[in-house]
Amino acid sequence: MRTQIVAGNWKMNKNLAETETLLSELAAKLPDTKAEVIVAPTFVNLASAVKALDASDIQVAAQNMHFESNGAFTGEISADMLLNIGVDTVILGHSERRSIFGEDDALLLKKVETALAKNMKVIFCFGEELEDRKTEKHFEVVASQLKNVLFGLAPEQWSKIILAYEPVWAIGTGETASPEQAQEMHAFIRKTIADAVTPTIAENVTILYGGSVKPANAKDIFSKPDVDGGLIGGASLKSDDFIAIVNAI
Ligand code: 13P
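Residues numbered from 1 in each chain as written. Predicted model: local features only at pLDDT ≥ 70, side-chain atom pairs only at ≥ 80, totals over all residues. Heavy atoms only, no water.

**Structural notes on the overall build of the protein**
When you go through the protein residue by residue, the secondary structure sums to 11 helices and 8 strands. Its C-alpha atoms give the protein a radius of gyration of 17 Å, within 12% of the compact-globule value 18 Å for 249 residues. Dimensions along the principal axes, computed over C-alpha positions, put the protein at roughly 45 × 45 × 35 Å. Per-residue burial over the protein gives 51% buried out of 249 residues. Restricting the contact set of the protein to residue pairs at least 6 apart, pairs at least 24 apart contribute 70%. For the protein, the exposed surface amounts to about 11,100 Å²; the carbon and sulfur share of it is 51%. Across the protein, the 23 positively charged side chains and the 34 negatively charged ones have centroids separated by 1 Å. (Helix = DSSP H or I, 4+ residues; strand = E, 2+ residues; numbered from the N terminus. Rg over C-alpha atoms; globule rule 2.2 N^0.38 Å. Buried < 20%, exposed > 50% of the residue type's maximum accessible area, 1.4 Å probe, protein only. Contact = heavy atoms within 4.5 Å. Areas by Shrake-Rupley, 256 points an atom, 1.4 Å probe, with all protein chains shown as cover. Lys, Arg positive; Asp, Glu negative; His and termini not counted. Charge placed at Lys NZ, Arg CZ, Asp CG, Glu CD.)

**Considerations on the site of the ligand**
The environment of the ligand is formed by 13 residues, the closest being Lys 11, His 94, Gly 172, Ser 212 and Gly 234. Contact between the ligand and His 94: an oxygen atom at 2.7 Å from a side-chain N or O atom of the residue. In the model, an oxygen atom of the ligand is placed 2.9 Å from a nitrogen or oxygen of the Glu 166 side chain. Relative to its unbound accessible surface of 310 Å², the ligand loses 96% to contact with the protein. In the shell around the ligand, the residues fall into 4 nonpolar, 7 polar and 2 charged. (Near = heavy atom within 4 Å. Polar contact = N/O pair within 3.5 Å; in protein donor to acceptor, adjacent residues only side chain to side chain. Nonpolar A, V, L, I, M, F, W, Y, C, P; charged D, E, K, R; others polar.)

**Here's the deal with unusual backbone geometry**
Of note, the phi angle at Glu 136 is positive, near 60 degrees, even though the residue is not glycine. Within the secondary structure, Glu 136 is located in the loop between helix 6 (130-134) and helix 7 (138-150). Not every positive phi belongs to a glycine, and Ser 212 is a case in point at roughly 55 degrees. Looking at where Ser 212 falls in the secondary structure, it is placed in the loop between strand 7 (206-210) and helix 10 (215-222).

**Some points on helix 5 (residues 105-117)**
With 13 residues, helix 5 should reach 18 Å at 1.5 Å per residue; the first-to-last C-alpha distance of 18 Å fits that figure. The complete set of buried residues in helix 5 reads Asp 105, Leu 108, Lys 111, Val 112, Thr 114, Ala 115 and Leu 116. Count one or two residues on from helix 5 and you reach Asn 119, which has phi positive near 65 degrees. (Expected span 1.5 Å × (residues − 1).)

**Regarding the layout of surface pockets**
Here the largest pocket defines a volume of roughly 430 Å³. Lining the largest pocket are 14 residues, and of these Lys 11, Met 12, Gln 63, Arg 97 and Phe 101 sit closest to its centre. Per-element accounting of the lining of the largest pocket gives the leading share, 4 residues, to helix 4 (residues 95-101). Taken as a whole, the second largest pocket encloses approximately 240 Å³ of empty space. Trp 158, Ser 159, Ile 161, Asn 204 and Thr 206 are the residues nearest the centre of the second largest pocket, which is lined by 16 residues in total. Secondary-structure elements contributing two or more residues to the lining of the second largest pocket are strand 6 (161-165) and helix 9 (199-204). (1 Å grid on protein atoms, 1.4 Å probe; cavity = no way out; pocket = protein on both sides within 12 Å on 5 of 7 lines; lining within 4 Å. Points joined across faces, edges and corners; volume = space filled by probe spheres on them.)

If you want it as structure tokens, here you go:
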């Protein structure tokens, strides 16, 4: 049985007081669930989030990290710094990092390798742009994003990888992939990994869907056999919405 996960990517939202309020609401409302629940507040609020969730099953992830351990990299945060404050999970490859901050597959490979070398869990995001889908290149684009970063990993490293398929055209747009579109792509991802890595790894890897998941559509999307949960943006910023999505697993 694959691990089911609902993760909230808070992006650049919530100051310290707002972070503490949302976390205490989430901790109080968290239902008994078979899903792993993860939240990713901003860097400056990670340490307090770890403390606030000390007695909760909710885990804390970072939204990014640098591949070097330390040094002259102004504005960057290392894996060791995250581990030092109790954060052992990191989101890498988010489409906003790719498109706004120019992160490419070569850079992401270095980041993923560093995170895995440090024994961190990686939520690896990828997904096609609208143009790719319109021109029916979406499978090709996704296969290449996976291949360029993940297919050189050693088999045992895959236990630390969580995949998040996030079609760029569905992020923050209110337009969601239909449950059928999500299932079609998730099945393709599993088949691609089965062929390039191993069938067992393909069967066991958690694949999240991300892109305008809301309480109203979460159940239909999560009911698909190859969808193991969600990476949630906007709807993770309100405790009732996020908890409703957790309950949809
Ligand atoms: P939305 O849920 O706001 O579309 O964001 C999805 C996302 O980018 C999660 O990483």
